[in-house]
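Chains, contacts and geometry: an overview
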Amino acid sequence: MTTVKIGIVGCGGRMGQALVGAVLDNDSATLSGGTERQGSPHMGKPLRHPVTGLETPLTVTEDAEELFRISDVVIDFTCPTATVLHAGYAAQHKTIHIAGTTGMTPDEEKALQAAAAKTPVVYASNFSLGVNLLFHLTRQAARLLDEDFDIEILEMHHRHKVDAPSGTALSLGKAAAEGRGVDLETVADKVRDGITGERTRGDIGFATLRGGNVAGEHTVSFNAYDERIELTHKAGDRAIFARGAVKAALWATTQDPGLYDMFDVLGLPKD
Ligand code: NAD
C-alpha cells in the first residue's frame, strides 16, 4: 500500500510530539522526518513515539527545506515567523502545508495565501472535530438570538501559551459575529480593567485564563436577563488536534491547490 509521507516541523514541541505520535499511529501515513529550531535540545535525537517511546530510525534536523522537498505533506504547529518561512518552502517544492500555528498577523497569513496558489494549504486555529462543530453551533445560536443575549467567550489554556485570546476563542468570536451579521473587530471587547463603564449592547466579550497543563477549554455563553445558554468544549489531550491535522493531511492529498480550513476537511456547512 502506498502511504503518504508526512514531515513534522517543530517536532520537539508539545504539539510536535503529539503529531509524531499521530503520524506513527496512522496506517495511511509514513513519518518522513522532523525539524527543530537551531539550539533546540531535541536536535540530533531520534524521533520517537511520545506515548510508547518506540524509537524510529529518523533523527531531528534543522533542515526544513529538505523536509519539504522529500515529503508529500508537512505539518506545522510552530510559531508565526517559522510558519512564514515554511510556507515559502511549501510553495517552492509544491508540498502540502498543514498549518496550525496561531497568533499570525494578517501580513504573516499572506505567506500561507501565496503558498496556496501552488499547493493545498490547510490553515485552522483548531483541528479538533468538536471545536469545529462548536464554531458551527455558535454561528447558528448567534443568528437565532438577538442582542438581548450578551455573548461572552471564555477560554483556558496551559501556563506556557504565549498568545491571548486563543486563536480558537477569536474564531469563536468571528463565528458569533458572522451569525449576527457584524464585523468582529467593531464589537470585540478583549481587555477589561478598572472602571470600564457598563457593557455595550452587541459587544462580544473575551476572557482568558492560564494555568497548569490544560490542553484547551472554550465556552461561548449567551447571557440574557434570567437565562444563560452555554456551549462548551473541553480538550482532554492535545492528541485530538494532532489526529485532526493528520486527517487534514490525508484529505489534502486529493485536493487542488488552494487555502482550506477544517470545515472543508470535515464537510461542515460554512453558513
Ligand atoms: P511549543 O512551544 O511547545 O512548540 C513549538 C515548537 O516549534 C518548539 O519546539 C520550537 O522549538 C519549534 N520551532 C520554533 N521555531 C522553529 C523553526 N524555525 N523550525 C523548527 N521548529 C521550530 O508550542 P505548542 O504548544 O506545541 O504550540 C505550537 C503552536 O500551535 C502555537 O501557535 C499554538 O497556539 C498552536 N496550536 C494550535 C492548535 C490547533 O488546533 N490549530 C492546537 C494546539 C496548539
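The structure we're discussing is the one just above.
For the structure given in this document, a descriptive report is provided here. Small disclaimer: the values here were computed from a predicted structure and weren't measured. (Residues numbered from 1 in each chain as written. Predicted model: local features only at pLDDT ≥ 70, side-chain atom pairs only at ≥ 80, totals over all residues. Heavy atoms only, no water.)

With that out of the way, let us pick up the pairing of strand β8 (residues 150-157). The pairing of β8 with strand β11 (residues 217-224) spans 7 bridges and is antiparallel. From the neighbouring strand, I151 faces β11, where its bridge partner is F222. In the sheet, β8 pairs with strand β10 (residues 204-210) via 7 bridges, with the strands oriented parallel. Within the sheet, the bridge partner assigned to L154 lies in β10 and is A207. (Pairing = 2+ DSSP bridges. Helix = DSSP H or I, 4+ residues; strand = E, 2+ residues; numbered from the N terminus.)

Turning our eyes to something else, we now look at the sheet that holds strand β4 (residues 55-61). Reading across from one edge, β3-β4-β2-β1-β5-β6-β7-β13 is the order of the 8 strands in this open sheet, with mixed pairing throughout. With one partner strand each, in any of the chains shown, β3 (46-48) and β13 (258-260) form the two edges of the open sheet. Within the sheet, the average angular offset between the axes of one strand and its neighbour, ignoring direction, is 30°. Relative to strand β7 (residues 120-123), strand β6 (residues 96-99) is paired through 3 bridges, and the arrangement is parallel. Opposite I98, over in β7, you have V122 as the bridge partner. Against the sheet, helix α8 (residues 239-252) makes contact with β1 (4-9), β5 (73-76), β6, β7 and β13, and its axis sits at roughly 155° relative to β6, the strand it touches most. (Axes fitted to C-alpha atoms, helices over the stretch in contact; angles between N-to-C directions. Contact = heavy atoms within 4.5 Å.)

Buried within helix α4 (residues 106-116) we find A111, L112, A115 and A116. Seen from one end, α4 has its buried residues packed into an arc of 145°, which puts them on one side. Turned more than 90 degrees off the buried face of α4, the exposed positions are P106 and D107. In the core, the buried residues of α4 are packed alongside α3 (80-93), β6, β7 and β13. (Buried < 20%, exposed > 50% of the residue type's maximum accessible area, 1.4 Å probe, protein only. Arc of directions from axis to C-beta.)

Another aspect to go through is the nonpolar core. Core analysis: the biggest nonpolar cluster contains 34 residues, and I6, I8, L19, I75, I98, V122 and F127 have the highest contact counts within it. The element best represented in this core is α8, accounting for 7 residues. Look past the residues within four positions of L19 in its chain and what remains in contact with it is I8, I75, F77, A242 and A245. Grouped together as the second largest cluster of nonpolar side chains are 23 residues, V131, A169, L172 and F263 included. (Core = buried A, V, L, I, M, F, W, Y, C linked by side-chain atoms within 4.5 Å.)

Turning next to the packing of aromatic side chains. Going through the model one piece at a time under the given rule, you end up with 4 aromatic pairs. Judged by centre distance (6.4 Å) and plane angle (25°), the rings of F135 and F263 are stacked. On the criterion of sequence distance, the pair formed by F135 in helix α5 (residues 129-144) and F263 in helix α9 (residues 262-266) is long-range, its members being 128 residues apart. Given a relative accessible area of 8%, F135 falls into the buried group. Here the aromatic rings of W251 and Y260 are separated by 5.1 Å at their centres, their planes lie at 85°, and the arrangement is edge-to-face. (Phe/Tyr/Trp six-rings, centres within 6.5 Å; stacked < 30°, edge-to-face > 60°.)

Remember, this is a structural readout, not a statement about activity or role.
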